[in-house]
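Structural description and commentary
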Amino acid sequence: MLEINADQQDYWANSPGGQKWITLEDQLDAALGPVLDLVLNHAQLRSGERVLDIGCGTGASLLAAAQQVGPEGHVMGADISAPFVDRALARAQAAGMAHVSARVVDAQTEAFEADSVDAIISRFGVMFFEDSVAAFANMAKALRPGGRMVFAAWGQLRNNPWFLVPHLAAVERLGQPPKTDRNAPGPLAFHDLDRVQGMFQAAGLLVQAQAETVQLTPAGGIDGAASLCMKVGPAVRTIAHFDGTAEDEAAIQDAVKARFVGLSTDDPFHLPAEINLFHATKER
């Protein structure tokens, strides 16, 4: 059943914004690779384990988890977008990973098999539920005794230049679009650690949460990073709202590049990011 989060399903499956995550797969996998490493380092997956990957997207996390559990284990991807699931399955087949599966499901309502997995992981896949408490409680039913959840979400906007720099550049060029509730379902919905800890607790889970700093690694240096920011993220939304021109886009991209130069001179180029990491278990 996908009716509860129908708007999210429609966006990720049918909108141009959702489709970009397929066409830009290689670039996004490269940029966000360190966040996936963070999740897997904390999940400590072991050979033979069964894993549920929430919001598996086009499959990067699915394949990485499958490598860790080996052919004796199994990883099931769950995503609300049918095109993402199709792409993830194609990647698994190309990699010869028969111990990988994926399904189009809404993790808030899906009747997961009880006590069926050792771990549930997610890289940026849990910030979009209409009712996060209900979603966490529903997912927890799938955990075996002693199982664990490890989820990563974006932290505070001010500590994430990946979002902040394009946002400021676009606003300075075109103006401020209508304010939105940052706690509403969306990329930054889990920026408030205390608030999200309360959601886990309300779902009957024991949770530890901390903000971690990682270095994003966009391909193509500063030019590549600035170009990618013009294809996904807040600048895209602001440009669309104000019907920005090609000249506006070029000016905003130049402003993003200038700000990125001041943030990192490393080779290869990287961007600091604040990631909120949640590690949860069921109460005994």
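Residues numbered from 1 in each chain as written. Predicted model: local features only at pLDDT ≥ 70, side-chain atom pairs only at ≥ 80, totals over all residues. Heavy atoms only, no water.

1. Examining the overall build of the chain
- Looking only at helices and strands, the chain features 11 helices and 7 strands.
- For 284 residues, the compact-globule estimate of 2.2 N^0.38 gives 19 Å, and the C-alpha radius of gyration of the chain, at 19 Å, lies within 12% of that figure.
- When its C-alpha atoms are laid out on the principal axes, the chain stretches across 55 × 40 × 35 Å.
- Put simply, 81% of the contacts in the chain that link residues at least 6 apart link residues at least 24 apart.
- For the chain, the exposed area adds up to about 12,500 Å²; of that, 50% sits on carbon and sulfur atoms.
- Across the chain, 21 positive and 34 negative side-chain charges occur, with their mean positions spaced 3 Å apart. (Helix = DSSP H or I, 4+ residues; strand = E, 2+ residues; numbered from the N terminus. Rg over C-alpha atoms; globule rule 2.2 N^0.38 Å. Contact = heavy atoms within 4.5 Å. Areas by Shrake-Rupley, 256 points an atom, 1.4 Å probe, with all protein chains shown as cover. Lys, Arg positive; Asp, Glu negative; His and termini not counted. Charge placed at Lys NZ, Arg CZ, Asp CG, Glu CD.)

2. A closer look at the sheet that holds strand S5 (residues 143-154)
- Judged by pairing direction, the sheet is mixed, and its 7 strands sit side by side in the order S3-S2-S1-S4-S5-S7-S6 without closing on themselves. Each edge of the open sheet is held by one strand with a lone partner, namely strand S3 (100-104) and strand S6 (205-216). Geometrically, the sheet is characterised by an average inter-axis angle of 20° between neighbouring strands, direction not taken into account.
- Here 6 bridges tie S5 to strand S7 (residues 271-282), and the two strands are oriented antiparallel to one another. In the sheet register, Ala-152 faces S7, and the bridge partner there is Leu-277. (Pairing = 2+ DSSP bridges. Axes fitted to C-alpha atoms, helices over the stretch in contact; angles between N-to-C directions.)

3. Quick look at the nonpolar core
- With 91 residues, the main nonpolar core has Ile-54, Phe-136, Met-139, Met-149, Trp-154, Phe-190 and Phe-200 as its most contacted residues.
- No other element matches the 9 residues that helix H3 (residues 25-43) contributes to this core.
- Residues within four places of Met-139 in sequence aside, it is in contact with Ile-54, Ala-107, Phe-112, Ile-120, Val-126, Phe-129, Met-149 and Phe-151. (Core = buried A, V, L, I, M, F, W, Y, C linked by side-chain atoms within 4.5 Å. Buried < 20%, exposed > 50% of the residue type's maximum accessible area, 1.4 Å probe, protein only.)

4. Brief notes about the packing of aromatic side chains
- Counted under the stated rule, the structure contains 9 aromatic pairs.
- Arranged with centres 4.9 Å apart and planes meeting at 85°, the rings of Trp-154 and Phe-163 form a pair that is edge-to-face.
- When its relative accessible area of 7% is taken as the criterion, Phe-163 is described as buried.
- Relative to Phe-278, the ring of Phe-190 lies with its centre 6.3 Å away and its plane at 80°, an arrangement referred to as edge-to-face. Note that Phe-190 is positioned in the loop between helix H7 (161-174) and helix H8 (193-202) and Phe-278 in strand S7, a separation of 88 residues in sequence.
- Its relative accessible area of 2% is what places Phe-190 among the buried residues.
- Clustering of aromatic rings is evident, with ring pairs tying together Phe-136, Phe-151, Phe-190, Phe-200 and Phe-278. (Phe/Tyr/Trp six-rings, centres within 6.5 Å; stacked < 30°, edge-to-face > 60°.)

5. Quick notes on the pairing of S5
- Of all 12 residues in S5, 9 are buried; the element is thus mostly enclosed.
- Two elements, strand S4 (residues 117-123) and S5, share 6 bridges in a ladder whose sense is parallel. The partner of Ile-121 across the bridge, within S5, is Val-150.
- Viewed along the sheet, the connection from S4 through helix H6 (residues 132-140) into S5 turns out right-handed. (Right-handed = clockwise from strand over helix to strand, strands pointing away.)

6. Observations concerning the environment of Leu-205
- Residue placement: Leu-205 occurs in strand S6.
- Assessed through its relative accessible area of 2%, Leu-205 is described here as buried.
- Each C-alpha atom, one on Leu-205 and one on Ala-280, is 6.2 Å from the other, the two residues being 75 residues apart in sequence.
- Dropping the residues within four chain positions of it, Leu-205 is found in contact with Phe-136, Ala-140, Met-149, Phe-200, Ala-280, Thr-281, Lys-282 and Glu-283.

7. Describing the packing of helix H9 (residues 221-229) against helix H11 (residues 246-263)
- Relative to each other, H9 and H11 sit at 135°, their axes nearing to 9 Å. Considering their axes alone, H9 and H11 lie oblique with respect to each other. Taken as a pair, H9 and H11 cross one another with a handedness that is right-handed. Contacts from Ile-222, Asp-223, Ala-225, Ala-226, Ser-227 and Cys-229 in H9 reach Gln-253, Val-256, Lys-257, Phe-260 and Val-261 in H11.
- Of the residues belonging to the contact of H9 with H11, the class tally is 7 nonpolar, 2 polar and 2 charged. (Parallel < 35°, antiparallel > 145°, perpendicular 65-115°, else oblique. Left-handed = near helix turned anticlockwise from the far one by under 90°. Nonpolar A, V, L, I, M, F, W, Y, C, P; charged D, E, K, R; others polar.)

8. Details of the packing of H3 against helix H4 (residues 60-69)
- In contact at an axis separation of 10 Å, H3 and H4 are set at 40° when each is read in the N-to-C sense. It follows that H3 is oblique to H4 by the angle criterion. The handedness of the crossing between H3 and H4 comes out as right-handed. Facing Asp-29, Leu-36 and Leu-40 of H3, the residues of H4 in contact are Ala-60, Ser-61, Ala-64, Ala-65 and Gln-68.
- For the contact of H3 with H4, the per-class residue count stands at 5 nonpolar, 2 polar and 1 charged.

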